[in-house]
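Fold and contact review
Take a look at the letters that make up each chain.
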Amino acid sequence: QQRSKTKKYKAWCASVPKLPELKICYPVTILYTFTWPDKRARDGQNYMKAVTDTLVNMGVIEDDNWSIIQSESWGYDRVDKKESGVTVQIFKV
């Protein structure tokens, strides 16, 4: 069952800068570091999925299956209302 995309999600996707099409097809681990816009409690795993899907849709990673993405983790570095976002680090396994 496929979920429909919300207006907020579509707006976020449109705001993502153009990324290089690397077509990574070898095993990697990914670290997501979030800068939150406020102190509201969040489930970082929900945000990871959106970012991973965007990496696949933009061609950075060929697919998000287990043979390519062998592990993912997330953390946060600070709260910054003006500079919120995510930093993605991809490491070859």
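Note that this is a predicted model, so its numbers are computed, not measured.

1. Considering the overall build of the protein
Secondary structure assignment for the protein yields two helices and three strands. Reading the protein from its N terminus to its C terminus gives the helix and strand order α-β-α-β-β. Taken over C-alpha atoms, the radius of gyration comes to 14 Å for the protein, in line with the 12 Å a tight globule of 93 residues would show. Once the C-alpha set of the protein is aligned to its principal axes, its extents read approximately 35 × 30 × 25 Å. Here the analysis covers contacts within the protein between residues at least 6 apart in sequence; of these, 82% occur between residues at least 24 apart. Put simply, the protein shows about 7000 Å² of open surface, and 52% of that area lies on carbon and sulfur atoms. The average position of the 15 basic charges and that of the 11 acidic charges among the side chains of the protein differ by 7 Å.

2. Digging into the pairing of strand β1 (residues 28–36)
Within β1, seven of the nine residues are buried, leaving the element largely enclosed by the surrounding structure. By the bridge criterion, nine bridges tie β1 to strand β2 (residues 69–79) in an arrangement that is parallel. Of the residues in β2, the one forming a bridge with threonine 35 is arginine 78. In terms of handedness, the path from β1 via helix α2 (residues 44–57) over to β2 forms a crossover that is right-handed. Inspection of the sheet shows β1 paired to strand β3 (residues 85–92) by eight bridges, in the antiparallel sense. Across the sheet, the residue bridging to valine 28 is lysine 92, located in β3.

3. Observations concerning the environment of asparagine 57
Turning to its location among the elements, asparagine 57 is positioned in helix α2. Here asparagine 57 falls in the exposed class, since its relative accessible area comes to 62%. C-alpha of asparagine 57 to C-alpha of aspartate 80: the two residues are 23 residues apart in sequence and 27 Å apart in space.

4. Points about the environment of valine 93
Summarising the element assignment, valine 93 is placed in the segment after β3. Relative accessible area serves as the criterion here: at 61%, valine 93 is assigned to the exposed category. Valine 93 sits 22 residues away from serine 71 along the chain, and the two C-alpha atoms are 9.5 Å apart. Other than its neighbours up to four places away in sequence, valine 93 contacts Pro27, Val28, Thr29 and Gln70.

What counts, and at which threshold
Residues numbered from 1 in each chain as written. Predicted model: local features only at pLDDT ≥ 70, side-chain atom pairs only at ≥ 80, totals over all residues. Heavy atoms only, no water. Helix = DSSP H or I, 4+ residues; strand = E, 2+ residues; numbered from the N terminus. Rg over C-alpha atoms; globule rule 2.2 N^0.38 Å. Contact = heavy atoms within 4.5 Å. Areas by Shrake-Rupley, 256 points an atom, 1.4 Å probe, with all protein chains shown as cover. Lys, Arg positive; Asp, Glu negative; His and termini not counted. Charge placed at Lys NZ, Arg CZ, Asp CG, Glu CD. Buried < 20%, exposed > 50% of the residue type's maximum accessible area, 1.4 Å probe, protein only. Pairing = 2+ DSSP bridges. Right-handed = clockwise from strand over helix to strand, strands pointing away.

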